[in-house]
Amino acid sequence: EIKACIFDLDGVLCDTAKYHYLAWKRLAGELGFSFTEAQNERLKGVSRMDSLEILLEIGHVKCTQKAKEEMAEKKNRWYVEYINKMDQSELLPGVLDFLEECRKNGLRTALGSVSKNAGVILERLKLQDYLDAVVDGSQVSQAKPDPEVFLKGAKRLGTDPSACVVFEDAAAGIEAARRAGMKSVGIGNPGILCQADYVIPGFEKFHAEMLDQWF
Ligand code: BG6
Ligand code: MG
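- As named in an unreviewed UniProt entry, the protein is Beta-phosphoglucomutase, taken from Diplocloster modestus.
- A UniProt comment under Catalytic activity (unreviewed entry) is attached to the protein, and it reads "beta-D-glucose 1-phosphate = beta-D-glucose 6-phosphate".
- What the UniProt record of the protein gives under Sequence similarities (unreviewed entry) is the line "Belongs to the HAD-like hydrolase superfamily. CbbY/CbbZ/Gph/YieH family."

Thoughts on helix 4 (residues 65-83)
Next, step 1: Look at helix 4: 27 Å from first C-alpha to last across 19 residues, which is about the 27 Å you get at 1.5 Å a residue.
Next, step 2: Along helix 4, the residues that are buried comprise M71, K75 and Y79. Down the axis of helix 4, the sector holding all buried residues measures 70°, keeping them to one side. Among the exposed residues of helix 4, those pointing more than 90 degrees away from its buried face are K66, E69, E70, E73, R77 and E81.
Next, step 3: Tucked into the core, helix 4 has its buried residues touching helix 1 (16-31) and helix 3 (48-58).

So, the site of ligand 1
Next, step 1: Close to ligand 1 lie 18 residues; D10, R48, S115, K116 and N117 are nearest.
Next, step 2: Tallied by class, residues from the shell around ligand 1 come to five nonpolar, nine polar and four charged.

Here we look at the packing of helix 1 against helix 4
Next, step 1: Here helix 1 crosses helix 4 at 140°, and the two axes come no closer than 9 Å. Comparing the axis directions of helix 1 and helix 4 gives the class oblique. Taken as a pair, helix 1 and helix 4 cross one another with a handedness that is right-handed. Facing T16, Y19, H20, A23, W24, R26 and L27 of helix 1, the residues of helix 4 in contact are M71, K74, K75, W78, Y79, Y82 and I83.
Next, step 2: Among the residues forming the contact of helix 1 with helix 4, the class breakdown is nine nonpolar, two polar and three charged.

Some thoughts on the sheet that holds strand 3 (residues 133-135)
Adjacent strands of a sheet form backbone hydrogen bonds with each other and so pair up, either parallel or antiparallel.
Next, step 1: Ordered in space as 3-2-1-4-5-6, the six strands form an open sheet in which the pairing is parallel. Taken across any chain shown, the strands that pair with only one partner, and hence form the sheet edges, are strand 3 and strand 6 (198-200). Looking at each pair of strands side by side, their axes are set apart by 20° on average, direction ignored.
Next, step 2: Both strand 4 (residues 164-168) and strand 5 (residues 183-187) contribute to a ladder of four bridges, which runs parallel. Note on strand 5: the bridge partner recorded for V166 is S184.

A short note on unusual backbone geometry
Next, step 1: Geometrically, the link from K144 to P145 is a cis peptide bond, its omega value of 15° lying close to zero.
Next, step 2: Among the secondary structure elements, P145 is positioned in the loop between strand 3 and helix 7 (148-157).
Next, step 3: The phi dihedral of K126 falls on the positive side, at around 55°, and the residue is not glycine.
Next, step 4: For K126, the position within the fold is in the loop between helix 6 (118-125) and strand 3.
Next, step 5: Classification of K126 by C-beta neighbours within 10 Å gives exposed; the count is 12.

Conventions we followed
Residues numbered from 1 in each chain as written. Chains lettered and ligands numbered in written order. Predicted model: local features only at pLDDT ≥ 70, side-chain atom pairs only at ≥ 80, totals over all residues. UniProt positions renumbered as here; feature names shortened; annotations may be inferred. Helix = DSSP H or I, 4+ residues; strand = E, 2+ residues; numbered from the N terminus. Expected span 1.5 Å × (residues − 1). Buried ≥ 20, exposed ≤ 12 C-beta atoms within 10 Å, placed from the backbone. Arc of directions from axis to C-beta. Contact = placed C-beta atoms within 7 Å. Near = placed C-beta within 6 Å. Nonpolar A, V, L, I, M, F, W, Y, C, P; charged D, E, K, R; others polar. Axes fitted to C-alpha atoms, helices over the stretch in contact; angles between N-to-C directions. Parallel < 35°, antiparallel > 145°, perpendicular 65-115°, else oblique. Left-handed = near helix turned anticlockwise from the far one by under 90°. Pairing = 2+ DSSP bridges.

Put into structure tokens, the structure is as follows:
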């Protein structure tokens, strides 16, 4: 029986995945190569520095550690410009209703994101009151597919991992859920999220009762 829902942030509760992509694409442009949405799938759920490594590998760019740190900082500045303009209208469709349903159905809720910007985003989206626990990039040392972020979330909720379901838009996040011993629901493309227990297009037609039917 499912007792808790753990939500990824970027690309699940809001469409910040597109802002990450735009900022990385801009950096790639400055470095003189193109960067496609398909290539961007590899960066989802991955930490900032690991994402940069993947980007540089795609562009065949070699550089010093110091240059890498400056690039990551630059990308983050662009990204922060986008998220500073966000408001509740950027919540993905159905998200608020589903979070309210979780409350009504006695399901515990947690955020499980490796982003260091998660706090700002939650504030701008006014989501703090809907989440019983928040685990973000400031509290974990391993990015997804390592299960650390989700295991920490379950621990903070006091829920056994086997009674948790993870909502994720990244292949790395689905893998992390599996390694944590949790159920998973992919949000997005079933081809990319083929390891998930179930894949839905979004929360719009999704209801808490479905969790009882599925798991
Ligand atoms: C994840 C995103 O949620 O956070 C990744 O899917 C991103 O694309 C990672 O790299 C780290 O985010 P930030 O905000 O700390 O750079
Ligand atoms: Mg995500």
